[in-house]
Amino acid sequence: YAQHKKTNYALIGSVAVNMALVGALCFSLSGSSNVAAPAMRTAPRVASMSRTMPMSMAGQRVSVRPKMIQRREMKAEALSYTVDDIRGMLGDEVANQILAKNTPTGPERNVVLYGFGRIGRLLARIITTIPTNLKLKGIVVRQPKKPDLEKRLELIKRDSVHGAYTGTISMDEADNALIMNGQKIRLIYANQPEEVDYTKYGIDDAIVIDNTGVWRDDEGLAKHLKSKGAAQVILTAPGKGVKNIVAGINSDVIEGSDKILSAASCTTNAVVPALSVLHKKFGIVSGHIETVHSFTNDQNLIDNYHKADRRGRAGPLNMVISETGAGKAVAVALPELAGKLTASAIRVPTPDVSIAVMILDLEKSTTAEEINAAFKTEATGTLDDNLGYSDSKEAVSLDFIGSTHAGEVDALATKCTGNSCIVYVWYDNENGYSNQVVRVVEQWAAKQEAAGMKFQAAEAMA
């Protein structure tokens, strides 16, 4: 009898302790606390948030929030939990309430995705799973021959590289919409930007994120501004005749009055933060950037015709020498490096994560230790959102899938002899870049708000 009695006390004690832990967690995350977003991307660094081994998107600690957006105080103990952790412990409903409560103060901005490929789907995942004032309202795709809502849902629900979607996702067939973590997102069909009337779907003053890459100059991108309900447009590729923005580097050139922007390329975003650190500290005389880049949808699965040289050969089977405009594009964000860098690319048979090898001549003689110290200082300081730092002896490409940084310096690979150095920068060319795009859009919206500007959509401009 005594033995059984003792066991019952132990059981009761265990239940009580677990209830207390859940209660403490709920209290720390309730509206009466000072907790900001558990997954906020500029959260102070804690032990559980490793820079050297980024997590997949299913468990990432989403890292960036524009500096100009007001942040709330955050209890340090709450920072060890991500929204994903909370979903697992308390369910989607509680996690979504926490996301809503911790969205920064200020007006919401409607966002529309024009295109729904690799970058488009990642943007949808990010915007619907982080605390943000950006609200995804619509997705524009070409008119299908058969109903495609379920297929669209399945493509964003499951991803061969980035894993399962975090949270709940369903579809509303009556409104031809996806419901992602409680947000209704209308699926809109059109073949040309100017064909869309967003106001028919209750969407006004929207920032359109064009991730198709079909229109890359100001004239082509301006077609979006003819759509009723569209106020601004940003391109997820290098743009001609428009401002190319690398978040964290030249965001200061964004003006609230801008109608068209570009978020540059994934490679430009990856190398510019590291180059800015080196140029500021040591001065860059000249150099070459070689990017070893994962294959993309632009390449063929098997040998077939392609308008570009070598791109027609089977992407999953070959290393393919290719071209990149990153060398020239760097000068857009860092004008002082204009004409100093060349660049080329090699496409390789991996689906995601690339690495840029930067071979540079510096103005000052230095050492690998000094270079890495400069990177680490900036990666844990002013560039903590954009630049990662890895000093793992075992890090390989798969470890950087899901990284939210534009690029991550591999410190142990840094080489230096006198004025010459070699620096390796890993980057998730899909998820890292997509996070950079979101940062630019957030900063754009914040500048408009700070200037007290009213968003002027197409119907108001007519």
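Residues numbered from 1 in each chain as written. Predicted model: local features only at pLDDT ≥ 70, side-chain atom pairs only at ≥ 80, totals over all residues. Heavy atoms only, no water.

1. Remarks on the overall build of the protein chain
The secondary structure content of the protein chain amounts to 11 helices and 17 strands. Taking all 462 residues of the protein chain together, 53% fall into the buried category. Residue pairs at least 24 apart in sequence account for 74% of intrachain contacts in the protein chain once pairs closer than 6 positions are excluded. Split by element, the accessible area of the protein chain, about 20,900 Å² in all, is 54% carbon and sulfur. (Helix = DSSP H or I, 4+ residues; strand = E, 2+ residues; numbered from the N terminus. Buried < 20%, exposed > 50% of the residue type's maximum accessible area, 1.4 Å probe, protein only. Contact = heavy atoms within 4.5 Å. Areas by Shrake-Rupley, 256 points an atom, 1.4 Å probe, with all protein chains shown as cover.)

2. Considering the packing of helix H4 (residues 118–127) against helix H5 (residues 149–157)
At a minimum axis distance of 10 Å, the contact between H4 and H5 shows a crossing angle of 70°. It follows from the interaxial angle that H4 and H5 lie roughly perpendicular. Two secondary-structure elements touch here, H4 through Arg121, Ala124 and Arg125 and H5 through Leu155, Ile156 and Lys157. In terms of residue class, the contact of H4 with H5 is built from 3 nonpolar, no polar and 3 charged. (Axes fitted to C-alpha atoms, helices over the stretch in contact; angles between N-to-C directions. Parallel < 35°, antiparallel > 145°, perpendicular 65-115°, else oblique. Nonpolar A, V, L, I, M, F, W, Y, C, P; charged D, E, K, R; others polar.)

3. Considering helix H9 (residues 368–379)
Taking 1.5 Å per residue as the helical rise, H9 with its 12 residues ought to reach 16 Å, and the 16 Å between its terminal C-alpha atoms agrees with that figure. Listed in full, the buried residues belonging to H9 are Ala368, Ile371, Asn372, Ala374, Phe375, Glu378 and Ala379. The arc that holds every buried residue of H9, seen down its axis, measures 155°, which confines them to one face. Exposed residues lying more than 90 degrees from the buried face of H9 are Glu369 and Thr377. Its buried side turned inward, H9 meets helix H7 (266–281), strand E13 (354–362), strand E14 (387–390), strand E15 (407–410), strand E16 (415–417) and strand E17 (420–427). (Expected span 1.5 Å × (residues − 1). Arc of directions from axis to C-beta.)

4. Observations concerning the packing of aromatic side chains
Under the criterion given, the structure shown has 2 aromatic pairs. Plain terms: the ring middles of tyrosine 114 and tryptophan 215 are 5.9 Å apart, the flat faces sit at 65° to each other, and that makes the pair edge-to-face. One end of the pair, tyrosine 114, is in strand E1 (residues 109–114); the other, tryptophan 215, is in the loop between strand E6 (206–210) and helix H6 (218–221), with 101 residues separating them in the sequence. The pair formed by tyrosine 114 and tryptophan 215 is uniform in burial state, with each residue classed as buried. (Phe/Tyr/Trp six-rings, centres within 6.5 Å; stacked < 30°, edge-to-face > 60°.)

5. Concerning the nonpolar core
Core analysis: the biggest nonpolar cluster contains 72 residues, and Leu275, Met358 and Phe375 have the highest contact counts within it. With 8 residues, H7 is the largest single contributor of residues to this core. Beyond its immediate chain neighbours, meaning those up to four positions away, leucine 275 contacts Ile284, Ile289, Val330, Leu334, Leu337, Leu341, Met358 and Leu360. Core analysis: the second largest hydrophobic core is formed by 19 residues, Ala190, Tyr198, Leu225 and Val242 among them. (Core = buried A, V, L, I, M, F, W, Y, C linked by side-chain atoms within 4.5 Å.)

6. Quick look at the sheet that holds strand E4 (residues 177–180)
In spatial order, the strands read E3-E4-E5-E2-E1-E6-E7-E9-E8; together these 9 strands make up an open sheet with mixed pairing. Two strands lie at the open edges of the sheet, namely strand E3 (169–172) and strand E8 (243–244), each paired on one side alone. Two strands pair when backbone bridges link them, and E3 and E4 are joined in this way by 4 bridges, in the antiparallel orientation. Note that in E4 the partner of serine 170 across the bridge is isoleucine 179. Against the sheet, H4 touches E1, strand E2 (134–141), E4, strand E5 (183–189) and E6, its axis set at about 155° to E1. (Pairing = 2+ DSSP bridges.)

7. Looking at the environment of aspartate 391
Positionally, aspartate 391 belongs in the loop between E14 and E15. Aspartate 391 gets classed as partly exposed once you look at its relative accessible area, which sits at 38%. For the pair aspartate 391 and lysine 376, spaced 15 residues apart in sequence, the C-alpha to C-alpha distance is 9.9 Å.

8. Some points on the side chain of serine 227
Mapped onto the fold, serine 227 is located in the loop between H6 and strand E7 (230–235). A polar contact is formed between the side chain of serine 227 and the backbone oxygen of proline 193, at a distance of 2.4 Å. (Polar contact = N/O pair within 3.5 Å; in protein donor to acceptor, adjacent residues only side chain to side chain.)

9. Overview of the environment of glutamate 219
Following the sequence through the fold, glutamate 219 ends up in helix H6. For the pair glutamate 219 and lysine 240, spaced 21 residues apart in sequence, the C-alpha separation works out to 9.4 Å.

10. Some remarks on the pattern of salt bridges
According to the stated counting rule, one finds 10 salt bridges in the structure shown. A salt bridge links aspartate 148 to arginine 152; its shortest N-O distance comes to 2.9 Å. The same class applies to aspartate 148 and to arginine 152, which are both buried. Counted as one network, the salt bridges with shared partners bring together Arg118, Asp159 and Glu430. (Salt bridge = Lys/Arg side-chain N within 4 Å of Asp/Glu carboxyl O.)

11. Some words on the packing of H7 against H9
Direction vectors running N to C along H7 and H9 enclose 120°, while the axes themselves pass 10 Å from each other. Considered as vectors, H7 and H9 are oriented oblique to each other. Where H7 crosses over H9, the two elements pack in a sense that is right-handed. In this structure, H7 uses Ala274, Val277, Leu278, Lys280 and Lys281 to contact H9, whose residues at the interface are Ile371, Ala374, Phe375 and Glu378. Here the residues of the contact of H7 with H9 sort into 6 nonpolar, no polar and 3 charged. (Left-handed = near helix turned anticlockwise from the far one by under 90°.)

12. Focus on the pairing of E6
The element E6 is extensively covered by neighbouring structure, given that 5 of its 5 residues are classed as buried. Taking every second residue as pointing to the same face, both faces of E6 are buried, with Ala206, Val208 and Asp210 on one and Ile207 and Ile209 on the other. Bridge count for E1 against E6 is 4 bridges, and the pairing is parallel. Opposite leucine 113, over in E6, you have isoleucine 209 as the bridge partner. Where E6 and E7 come together, 5 bridges link them in parallel fashion.

13. Remarks on the layout of surface pockets
In this structure, the second largest pocket encloses a volume near 300 Å³. Surrounding the second largest pocket, 13 residues form its lining, Tyr114, Gly115, Val141, Arg142 and Thr212 being those nearest its centre. Class assignment of the residues belonging to the lining of the second largest pocket gives a composition of 7 nonpolar, 4 polar and 2 charged. (1 Å grid on protein atoms, 1.4 Å probe; cavity = no way out; pocket = protein on both sides within 12 Å on 5 of 7 lines; lining within 4 Å. Points joined across faces, edges and corners; volume = space filled by probe spheres on them.)

The quantities given are spatial measurements derived from coordinates; they are silent on function.
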